[in-house]
Amino acid sequence: MIQKPKGTQDIYGKKAKTIKYLEKLIESVAEKYNFSYSRTPVFERSEVFHRGVGDTTDIVTKETYDFIDRGNRQMTLRPEGTAALVRCFLENKLYSENINKFWYFEPMFRYERPQSGRFREHYQFGFEVFGSNDPMLDAEIISIPVTIYKLLGLKGIKVNVNTLGDAESRKNYRIALINYFKPYINDLCDDCKQRLEKNPLRILDCKVDCEKEIMKNIPKMSDYLNDESKVFFESVKKYLDAYEINYEVKDTLVRGLDYYTHTVFEVEADIKGFGAQNVLCGGGRYNSLIKTLDGPDTPALGFGMGVERLMNALEAEEIVVGDKKTLDCFIITISDNEKTYAAKLLYDLRINGFSVDADYLSKNLKGQFKEADKYNSKFIIILGEEEVKTGMLTVKDMILKEENKIYKEEIIDFLDMNVGD
RNA sequence: GCGGAAUUGGUGAAGUGGUUAACACGCUAGAUUGUGGCUCUAGUAUGCAUGGGUUCGAUUCCCAUAUUUCGCCCCA
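Computed from a predicted model, the values in this text were never measured in an experiment.

Q: Where do I start with helix H14 (residues 411-418) in this structure?
A: Because each turn of an α-helix spans 3.6 residues, side chains separated by three or four positions in sequence point in the same direction. Among the residues of H14, those classed as buried are Ile411, Phe414 and Leu415. Down the axis of H14, the buried side of the element spans an arc of 95 degrees, and every buried residue falls inside it. Across from the buried face of H14, at angles greater than 90 degrees, the exposed residues are Asp413 and Met417. The inward-facing, buried residues of H14 contact helix H11 (339-351), strand E14 (377-383), strand E15 (392-397) and strand E16 (402-407).

Q: I would appreciate a short explanation of the pairing of E16 in the present structure.
A: A regular strand places its side chains so that they alternate between the two faces of the sheet. With six bridges connecting them, E15 and E16 associate as antiparallel partners. Bridge pairing in E16 links Lys396 to Glu403. Once E15 ends, the chain turns through four residues before running back antiparallel as E16, passing Lys401 with a positive phi of about 60 degrees.

Q: Honestly, the sheet that holds strand E5 (residues 100-109) in this entry has me stumped. Any pointers?
A: Taken together, eight strands build an open sheet; the order of strands is E1-E5-E6-E11-E10-E9-E7-E8 and the sheet is mixed. The open sheet has two edge strands, strand E1 (36-37) and strand E8 (247-249), and neither has a second partner. Relative to strand E6 (residues 121-130), E5 is paired through 10 bridges, and the arrangement is antiparallel. Note on E6: the bridge partner recorded for Phe105 is Phe125. Together, strand E7 (157-163), E8, strand E9 (261-269) and strand E10 (279-285) form the strand contacts of helix H8 (residues 227-242), whose direction differs from that of E8 by roughly 160 degrees. Where helix H10 (residues 307-316) meets the sheet, it contacts E5, E6, E10 and strand E11 (300-306), and its direction lies at approximately 105 degrees from that of E6.

Q: Sorry if this is basic, but what is going on with the sheet that holds E14 here?
A: Whether parallel or antiparallel, the strands of a sheet pair through hydrogen bonds between backbone atoms. In space, the five strands of this open sheet follow the order E13-E12-E14-E15-E16, with mixed pairing throughout. Two strands close off the open sheet at either side, each with one partner strand: strand E13 (356-358) and E16. Sheet twist, expressed as the average angle between the axes of neighbouring strands with direction ignored, equals 25 degrees. Of the pairings in the sheet, the one linking strand E12 (residues 327-333) to E13 comprises three bridges and is parallel in character. Of the residues in E13, the one forming a bridge with Phe330 is Asp357.

Q: Sorry if this is basic, but what is going on with the protein's contact with RNA strand B here?
A: Taken together, 53 residues are adjacent to RNA strand B, and Arg110, Arg195, Arg255, Gly256 and Asp373 come closest. Sugar and phosphate atoms form 51% of the subset of RNA strand B atoms that lie within 4 Å of the protein. Here a base nitrogen of RNA strand B and a side-chain polar atom of Glu112 are 3.1 Å apart. Between RNA strand B and Glu403 there is a distance of 2.8 Å, counted from a base nitrogen to a side-chain nitrogen or oxygen. Mapped onto the surface near RNA strand B, the elements with two or more residues apiece are helix H3 (58-62), E6, helix H7 (190-198), E10, E11, helix H12 (365-374), helix H13 (385-390) and E15. By residue number, the principal contributor to the surface near RNA strand B is H12, which donates five residues. Across the surface near RNA strand B, the residue classes break down as 13 nonpolar, 16 polar and 24 charged.

So, how was this worked out
Residues numbered from 1 in each chain as written. Chains lettered and ligands numbered in written order. Predicted model: local features only at pLDDT ≥ 70, side-chain atom pairs only at ≥ 80, totals over all residues. Heavy atoms only, no water. Buried < 20%, exposed > 50% of the residue type's maximum accessible area, 1.4 Å probe, protein only. Helix = DSSP H or I, 4+ residues; strand = E, 2+ residues; numbered from the N terminus. Arc of directions from axis to C-beta. Contact = heavy atoms within 4.5 Å. Pairing = 2+ DSSP bridges. Axes fitted to C-alpha atoms, helices over the stretch in contact; angles between N-to-C directions. Near = heavy atom within 4 Å. Polar contact = N/O pair within 3.5 Å; in protein donor to acceptor, adjacent residues only side chain to side chain. Nonpolar A, V, L, I, M, F, W, Y, C, P; charged D, E, K, R; others polar.

The values are spatial; any link to function lies outside them.
And the structure:
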């Protein structure tokens, strides 16, 4: 038996229905926020992510699906949505417009060891805004996942926010961190020893070293923010209050992708018994990314949310979404003699907008009734010798449990009147 | 990349080094030859992830591989 590749999933049945429902919900939220739908290729030239996400990040150093195509080009399966969308933004010169608001819902690929809430292929949706430095948008971006959780009735969530400041603040803080940790380099874990030169900010959210004595007096980002960055973050917080968002400022929150500046945020699942992978959503402002990828200096921000983790959270809170499967009508035939008549009827009803099905397994009457039940059919049409001959159909209302005789010519009007929403 | 635990019909699962692999759901047929949902009866794994090995004999013990799951790291 051939098994699926590690960390991938077959999506069908209940799971498929939930994903479809979520996608529609997200689309409707996107419309309300005036974001437009976008799609980019599943694979890109590797440098999109290597330069975009950052060469020192774990995502790029050990988690990308890289391959060389037949034309000897180095390609990478998309590990996250932002860098790819920035490439699209630049290539199509969308910066000629004032502002661009995009959303996406696509599979992402990371070569990792799977566990609860983590896959090698998973779905992620995200919202990105290019072209504005207004702190009101930072709050708006954070409000989108919060709105989605609210619409779904998901309560166990926690919003953490921080600022990394602008390039100058970040540079000063970086120097301060290196100076602080250098004397203690032997006390740090092996990963952090590497991080010290390449990306010292990442030491802050290291889970190995976080309990150590040296972590207690580390310089604070807030002391290295220049006035402009401070004012910006204060505005963001003011707007967050206006959006009535409950958040916590967490000054060790730095995020694992290199492109962030100013505002960064995460939404955690705060549900008892939830797995170790509890970050449902993460994002922030990335004002320097577009320039890094050879574009004009354009401010931007956004977030991404893991669909499987969102579904885990819904399940943990026993929230069921999506409608029950129903059928307007099921056609039962007494014998094979009525099958051509049934075929015509199926075609007629379907083309007139009804959801209709019939038996294709030559089941007996009882079996056909059971099947109609399984699909929650509102009506059943029973076709026998008599009905075919006279054109007088036997129609059973499964909700009122009553049977009617309807002329074939009137069946569409009849169903129209009785199959409401 | 590192560590732990798993893998038995369509599904949830019990079980054992030795003739017929429990139970439940589902499915099929019948009781009920044009009316389902309830009930009753019968049927439903020549096989226990795959490939090796140990053994007179392996689904059971050992090894490898694949997948799942729970952590670490990291992230959505």
